Amino acid sequence: MSDPLRGVIVSHAAVAQALLSAVAAITGVSDALVPVSNDGCDSGALTDRLTRAIEGRPTVLFVDLPGGSCLTSSVRLARGRADVAVVTGVNLAMLLDFVFHRDLSPADAARRAAEAGSRAIRTPAA
Amino acid sequence: MSIALYRIDDRLIHGQVVVGWGKPLNVQFIVLVDDGVRSSEPEQELYRMGVPPEIEVVFASGTEARDRLPEWERDPRVGILVSGDIATVAALTGNGHRVSRVNIGGLHHRPGRSERLRYVYLTDAEAAQLKALAARGVEVTAQDVPTARPVPLEDFT
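The following refers to the structure shown. (Residues numbered from 1 in each chain as written. Chains lettered and ligands numbered in written order. Predicted model: local features only at pLDDT ≥ 70, side-chain atom pairs only at ≥ 80, totals over all residues.)

Some remarks on the interface of chain A and chain B
Interface extent is often summarised as the accessible area lost during association of the parts.
Move 1: Chain A puts 14 residues into the contact, and the matching count from chain B is eleven residues.
Move 2: Within the residue set of the side of chain A that touches chain B, elements represented by two or more residues are α2 (43-54) and α3 (69-78) of chain A.
Move 3: Ranked by the residues each element gives to the side of chain A that touches chain B, the list is headed by α3 of chain A, at four residues.
Move 4: Looking at the side of chain A that touches chain B residue by residue, the class counts come to six nonpolar, seven polar and one charged. (Contact = placed C-beta atoms within 7 Å. Helix = DSSP H or I, 4+ residues; strand = E, 2+ residues; numbered from the N terminus. Nonpolar A, V, L, I, M, F, W, Y, C, P; charged D, E, K, R; others polar.)

Looking at the sheet that holds strand β4 (residues 78-83) of chain B
Residue and element names in this part refer to chain B.
Move 1: Across the sheet, seven strands lie side by side as β3-β2-β4-β1-β5-β8-β9; this open sheet has mixed pairing. The sheet is open, and its two edges are formed by β3 (56-60) and β9 (151-152), each paired on a single side.
Move 2: As judged from the six bridges shared by strand β1 (residues 2-9) and β4, these two strands associate in the parallel manner. Across the sheet, Ile 8 pairs through a bridge with Ser 83, a residue of β4. (Pairing = 2+ DSSP bridges.)

Description of the sheet that holds strand β2 (residues 33-37) of chain A
Residues and elements named next belong to chain A.
Move 1: Sheet architecture is open: four strands sit in the order β2-β1-β3-β4, paired in parallel fashion. The open sheet has two free edges, formed respectively by β2 and β4 (84-88), since each of these has just one partner strand. Mean inter-strand twist for the sheet, computed between neighbouring axes without regard to direction, equals 20°.
Move 2: Sheet topology note: the strand β3 (residues 59-63)/β4 ladder contains five bridges and is parallel. Across the sheet, the residue bridging to Val 60 is Ala 85, located in β4.
Move 3: Against the sheet, helix α5 (residues 106-119) contacts β3 and β4, and its axis sits at roughly 10° relative to β4. (Axes fitted to C-alpha atoms, helices over the stretch in contact; angles between N-to-C directions.)

Observations concerning the nonpolar core
Move 1: Grouped together as the largest cluster of nonpolar side chains are 76 residues, with contacts concentrated most on Val 8, Val 10, Val 60, Leu 61 and Phe 62 of chain A together with Leu 32 of chain B.
Move 2: Setting aside its immediate chain neighbours within four residues, Leu 32 of chain B contacts Leu 12, Ile 13, Val 37, Tyr 47, Val 57, Phe 59 and Val 82 of chain B. (Core = buried A, V, L, I, M, F, W, Y, C linked by C-beta atoms within 7 Å. Buried ≥ 20, exposed ≤ 12 C-beta atoms within 10 Å, placed from the backbone.)

With respect to α2 of chain A
All names here are of chain A.
Move 1: The end-to-end C-alpha distance of α2 is 16 Å, a good match for the 16 Å that twelve residues give at a rise of 1.5 Å each.
Move 2: Residues of α2 that are buried include every one of Leu 46, Leu 50, Ala 53 and Ile 54, and no others. Seen end-on, α2 carries its buried residues on one side only, within an arc spanning 95°. Facing away from the buried side of α2 by more than 90 degrees, the exposed set consists of Thr 51 and Arg 52.
Move 3: For α2, the elements touching its buried residues are β1 (6-11), β2, β3, α3 and β4.
Move 4: A positive backbone phi angle near 55° is found at Glu 55, which sits one or two residues after α2. (Expected span 1.5 Å × (residues − 1). Arc of directions from axis to C-beta.)

A few points about the pairing of β1 of chain B
Residue and element names in this part refer to chain B.
Move 1: With respect to burial, β1 is a largely interior element, six of its eight residues being buried.
Move 2: Where β1 meets strand β5 (residues 101-106), three bridges bridge the pair, whose relative direction is parallel. Bridge pairing links Asp 9 to Gly 106 in β5.

These figures capture arrangement, not role.
Following this line, the structure appears as structure tokens:
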């Protein structure tokens, strides 16, 4: 059996680490996600951090914003690769779904994560 | 109004540019000057993704920027010009152009550079380039976001 997917959270400042902590607190799963911050990085240095985080494993990159340095480095890294997929707008709901569905292809896992994340965005009546 | 901010930032178009500066300045166009991005449609698409549709993004090579700068300076809209390296922006300050201020927004660690500010790393040659720019009458300050204090060149070179 192949390795389960790895998730790499790519964010500004400490958002990635905070999301990782929240996922671990809620699920007890602490080995499915790796946090990467863009602090102090130009695009080359951030790509190096991402490469180290991926470690050659099939991966979904969970990026905070649909633009900017986190996205540009992630997309450059994923270009032409079937083993790396990118999803933007990372939120806690999509990560909670992801850690229990890591037997998919990276592209399918990214699509599933995007759907799970979107479903969590609501405006409930108060 | 023309170009309100000439910025040197190796992340090019990103959150600090679009949101941090773009919102308070009410920016309506961004000029990204970079030869590599200018020649790559996929790279251009990446940078467009981070910009709301109401803001125009113009991609220019260094040569095109030197030619088109008067046009952007006459533009009635508010704009930001951003490039990732000092030499490209320095080349825009000659030839009678009216660039009076340059903002160092982010030059990050690379081999040979040393830390000058949290978000500014320079080689000695790059520091000398900035001093030469200032000697030509251009005000050079470092400031990542508008709410931060602008740091005068002499305080980080």
